[in-house]
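Results of the structural survey
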Amino acid sequence: MKSTFKLALGLASALVASTAVSNVAQAEDLTLCWAAWDPANALVELSKDFTKETGIGMKFEFVPWTNYADRFLNELNSHGKLCDLIIGDSQWIGGAAENGHYVKLNDFFDKEKISMDDFVPATVVGYSEWPKNSPNYWALPAMGDVVGWTYRKDWFSKPELQKEFKEKYGWDLGPPTTFDQLKQIAEFFQKREIDGKTVYGASIYTERGSEGITMGAMDVLYSFGFQYENPKKPYEMEGFVNSDKSVKGLEFYKALYDCCTPPGASNSYMGEGVDAFKSGQVAMHMNFAFTWPGLQKDENVGGDKIGYFVNPKGPDGDQFAQLGGQGISVVSYSDKQEAALKYIKWFANKDVQSKWWSLGGYSCLNAVVKDPAFPASQPYAQTFLDSMAIVKDFWAEPSYAPLLQASQKRFHDYVVAGQGSAKDALDGLVKDWTEVFQDDGKM
Amino acid sequence: MLNRTADSVARATPEPLARKVRGISDKGLAWLFISPTILLLLAINIFPLFWAIYLSFTNFRANRPNEVVKNLGLANYKRILADQDIWIAMQTTAHFVFWTILLQTLIGFTLAWLIDRKFRGHAFWTTIILVPMMLSPAVVGNFWRFLYEPQIGLFAYAVSFVTGIPATQISMLSNVSLAPWSIIIVDTWMWTPYVMLICLAGLRSIPEYIYEAAEVDRASNWRQFWSITLPMALPFIMLAVLFRGIENFKMFDMVNLLTGGGPGSTTEVASITLKRQAFESWRTGYSSAFAIILFVAVFGLANIYVKALNKVKQR
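In every chain, residue numbers begin from 1 and rise along the written sequence. A letter from A marks each chain and a number from 1 marks each ligand, given out in the order of writing. Per-residue local features of the predicted model are confined to residues with pLDDT of at least 70, and side-chain atom pairs are confined, for both listing and counting, to 80 or more; whole-chain, interface and lining totals are unaffected and use all residues.

Counting its secondary structure elements, chain B contains 14 helices and 0 strands. In this text, helices come from DSSP runs of H or I with a minimum length of four residues, and strands from runs of E with a minimum of two, each type numbered from the N-terminal end. Listed by position from the N terminus, the elements making up chain B come as α-α-α-α-α-α-α-α-α-α-α-α-α-α. Counting other C-beta atoms within 10 Å of its own, a residue is labelled buried from 20 upward, exposed at 12 or fewer, and partly exposed in the gap between, with every C-beta atom placed from the backbone. Sorting the 315 residues of chain B into buried and exposed places 30% on the buried side.

Structural data, given as structure tokens:
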């Protein structure tokens, strides 16, 4: 009886002790929320160093891109405590700052001597500042990203195709520098037999549900002369969003979709684009730079078979690219803000940023990307740098969600469903966006 | 023996509890038992409904908790009823509901009638027919998306085999004319067995002696079908139509998985529009008003229909 009692007491003590230990460990653990994609896996690997250095454990909450905004904006709006740190999309910054979801980092940056001058300027404006172009920082630039293109270098270098292309178009087959050239190449490859397989011209963004077609169409529209608003009069969109140049840009995007994409590519975004390229379906592929490390390593299409090029120029020589990427922020509802700030401080360190790049993340730190060895460090590094120099981003207003939904609908209705004209779509977009800004009291 | 057991159970009831229960009337006891259900119903059904009605008159946005909530009166309702996109979504929904119900009723009743013949192996075939409705809509949506794939999908190959049109040209989900039908086909495939089951119950409920009397009167099979089978199974068919109508009016999962409302807005049914307004654009007040309009529409139509159903039953 006595020994049974002792055993029970021992077990109970062990249980209490283990619960206490696990509670202590949990109290120190930080949860980082982000999208489920390749860079997130790299961050898990990188964060092991943080745990080693500080003893603070890291947990991760990764959500697929298609649900990423829904899931985490719901979490922030409900003042949830799930995320201590969040790598939120660049367009969320306005809403997150104005609604108090993110901790303002200015004082922390001053105290820890973290200077925003040390980061690529476009990423500071895109991922950290609200209001834009003002020194109010809500995030540390974490993952640089931009829309660019990959192409099948092995197909482009086939002598018989080079000869045929030159005869047909009068210039050497190679990475395009203008959108006209890009379309010619896409037409050339469309439904062509290569190595016994029918291939197609290009994979572009056409996804309807989240942000796909907007990211793709804007990537083209910017270089055709599209502007969000009158640079001298904020929120005046008539004649800028629906200018003749913008109309031509949208017509071009539809023409590209109609002539040169694989069958059934009416709802294609990052994942579908990667699949199309990896399976050898397309000659060119529009996608965010984060996909490049994975493609480079791919056995079938990577290595010497893949090449990269910056988003081409428009008819007037303008050249821009759609900004992607995110900054890392501390969630203001977290009970572990101090530990979360420790993580930000650690992440801003140059050695950590160098390792981040080597693992497949895209550092935004000047010391990393301006290192003389950087362009040669990966086959896509120079294209990434060149692309980051020409970025533009979608509205980052607190009302970015309805603004995005409007463009998704207008673009998809015209480009994929073929309803109305490009002019109708852009006029409609001006009307929708005007309503949103009127509701916000900004017009 | 039984009395002794009941007695011992009564004695086993702790005295304080027994004292409390002894004072409760039958009516009180009934309330005691149903009160958890009522509370749950109030918390998860009735309160949200009234809360949504309140929100529908405001400019509330769930993503801006710090903003002042203004009373807009009927502005949200006026805006919805004047919104062309909403009407297009309602038309798409009506088109979808009409065709799915028509096809499911026709095929479902035919299958039920065939199964009711009780041929050899009819039980096995009944089970096979029921398989689609046992699957999760998420599974069905995903595998049909692959089946519809123009490059690797079996559906495209089957159509190509029959028609001679190259499979890569059969883009069910990308083509504006075909996309609505792609959803109608899947919904019909999945839910026809459900209609069949209800119709089968109706057919089995018809007494055999009525057919025997008709045989004596030398009524033809065709006459028996029109004068006995169809009228007597009609309340069941109408019930199946009611269930499927309500379900399909708020159809979301299949459309979301197959087309996401696309291409363009071709398959954007009312529930997809509602979700986009509520959880993507965060226009909570506006979407609440839309939800209330949809609720009233379904409730009103269902009521009219139930009255018609009762009349048919009384005949």
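Our next topic: the interface of chain B and chain A. Taken residue by residue, the interface counts 26 residues in chain B and 22 residues in chain A. Residue polarity is assigned by list, with Asp, Glu, Lys and Arg as charged and Ala, Val, Leu, Ile, Met, Phe, Trp, Tyr, Cys and Pro as nonpolar; anything else, Gly included, falls into the polar class. Considered class by class, the residues forming the side of chain B that touches chain A number 8 nonpolar, 13 polar and 5 charged. Note on contacts: residues are paired as contacts if their backbone-placed C-beta atoms lie within 7 Å.

The next subject is the environment of E229 of chain A. Residues and elements named next belong to chain A. Of note, E229 is situated in the loop between helix 10 (212-224) and helix 11 (244-260). When the C-alpha atoms of E229 and G239 are compared, they prove to be 8.6 Å apart, with 10 residues separating the residues in sequence. Ignoring anything within four residues of it in the chain, the contact list for E229 reads P234, Y235, E236, M237 and F240.

Our next topic: the domain arrangement of chain B. An automatic or database domain assignment provides the domain bounds reported here. Each domain of chain B was delimited in the assignment, giving domain 1 (2-55) and domain 2 (75-314). Measuring from the centre of the C-alpha atoms in domain 1 of chain B to the corresponding centre in domain 2 of chain B gives 40 Å.

Core analysis: the largest hydrophobic core is formed by 130 residues, its most contacted members being L85, I93, W138, A202, A217 and L250 of chain A. Structurally, this core is a two-domain feature, drawing no fewer than three residues from each of domain 1 (26-145 + 324-392) and domain 2 (147-322 + 399-439) of chain A. In contact with A217 of chain A, not counting residues within four places along its chain, are L250, Y253, F411 and V415 of chain A. The term nonpolar core means buried Ala, Val, Leu, Ile, Met, Phe, Trp, Tyr and Cys residues held together as one set by C-beta atoms within 7 Å. Core analysis: the second largest hydrophobic core is formed by 47 residues, A156, I237, L258 and Y286 of chain B among them.

Okay, the domain arrangement of chain A next. Residues and elements named next belong to chain A. Domain boundaries assigned for chain A yield domain 1 (26-145 + 324-392) and domain 2 (147-322 + 399-439). In this structure, domain 1 and domain 2 have C-alpha centres spaced 27 Å apart. Contacts between the two partners involve 22 residues from domain 1 and, on the opposite side, 22 residues from domain 2. When residues of the side of domain 1 that touches domain 2 are traced back to their parent elements, those giving at least two are helix 2 (38-54), helix 3 (65-77), helix 4 (93-98), helix 18 (381-388) and strand 12 (391-392). In the side of domain 1 that touches domain 2, the residues fall into 10 nonpolar, 8 polar and 4 charged.

Working definition: the strands of a sheet are paired by backbone hydrogen bonds and lie parallel or antiparallel to each other. All names here are of chain A. Pairing between strands is defined by DSSP: at least two bridges between the two strands are required. Taking strand neighbours across the sheet as the criterion, the 5 strands line up as 6-7-8-5-9 in an open arrangement whose pairing is mixed. The open sheet has two edge strands, strand 6 (192-194) and strand 9 (306-309), and neither has a second partner. Averaged over all pairs of adjacent strands, the angle between strand axes in this sheet comes to 40°, irrespective of strand direction. Pairing analysis gives 4 bridges linking strand 5 (residues 147-152) to strand 9, with the strands arranged antiparallel. Each bridged residue has a counterpart across the sheet, and for Y151 the counterpart in strand 9 is G307. To obtain an axis, a line is fitted to C-alpha atoms, over the contacting stretch when the element is a helix, and the angle between two such axes runs from 0 to 180 degrees between their N-to-C directions.

Residue and element names in this part refer to chain B. Within the fold, I107 resides in helix 5 (residues 84-115). The spatial distance from the C-alpha of I107 to the C-alpha of A302 is 23 Å, given a sequence separation of 195 residues. Those residues in contact with I107 that sit more than four places away from it in its chain are T188 and T192.

Residues and elements named next belong to chain B. Its 30 residues give helix 3 (residues 26-55) an end-to-end C-alpha distance of 40 Å, which sits within 8% of 44 Å, the value for a rise of 1.5 Å per residue. Considering bend angle alone, the principal kink of helix 3 is centred on I34 and spans about 45°; proline P36 follows within four residues of it. Burial analysis of helix 3 places just 1 of its 30 residues in the buried class, a small minority of the element. In a helix, the anticipated span is given by 1.5 Å times the number of residues less one. The seven residues ending at a residue and the seven starting there each receive a fitted axis; the angle between those axes is the bend at that residue.

All names here are of chain A. For strand 1 (residues 30-35), the tally of buried residues reaches 5 of 6 residues, placing the bulk of the element in the interior. For strand 1 and strand 2 (residues 58-63), the ladder comprises 6 bridges, and the chain directions are parallel. Bridged to T31 within strand 2 is K59. Handedness of the crossover joining strand 1 and strand 2 through helix 2 is recorded here as right-handed. Orient the strands so they point away from the viewer, and a crossover whose first-strand-to-second-strand path over the helix runs clockwise is right-handed.

This next bit is on helix 14 (residues 284-314) of chain B. Residue and element names in this part refer to chain B. Spanning 31 residues, helix 14 covers 44 Å between terminal C-alpha atoms, matching the ideal 45 Å at 1.5 Å per step. Of the residues making up helix 14, those classed as buried are T284, G285, Y286, S287, S288, A289, F290 and A291. Those residues of helix 14 that are buried are in contact with helix 3, helix 4 (75-81), helix 5 and helix 13 (270-280).

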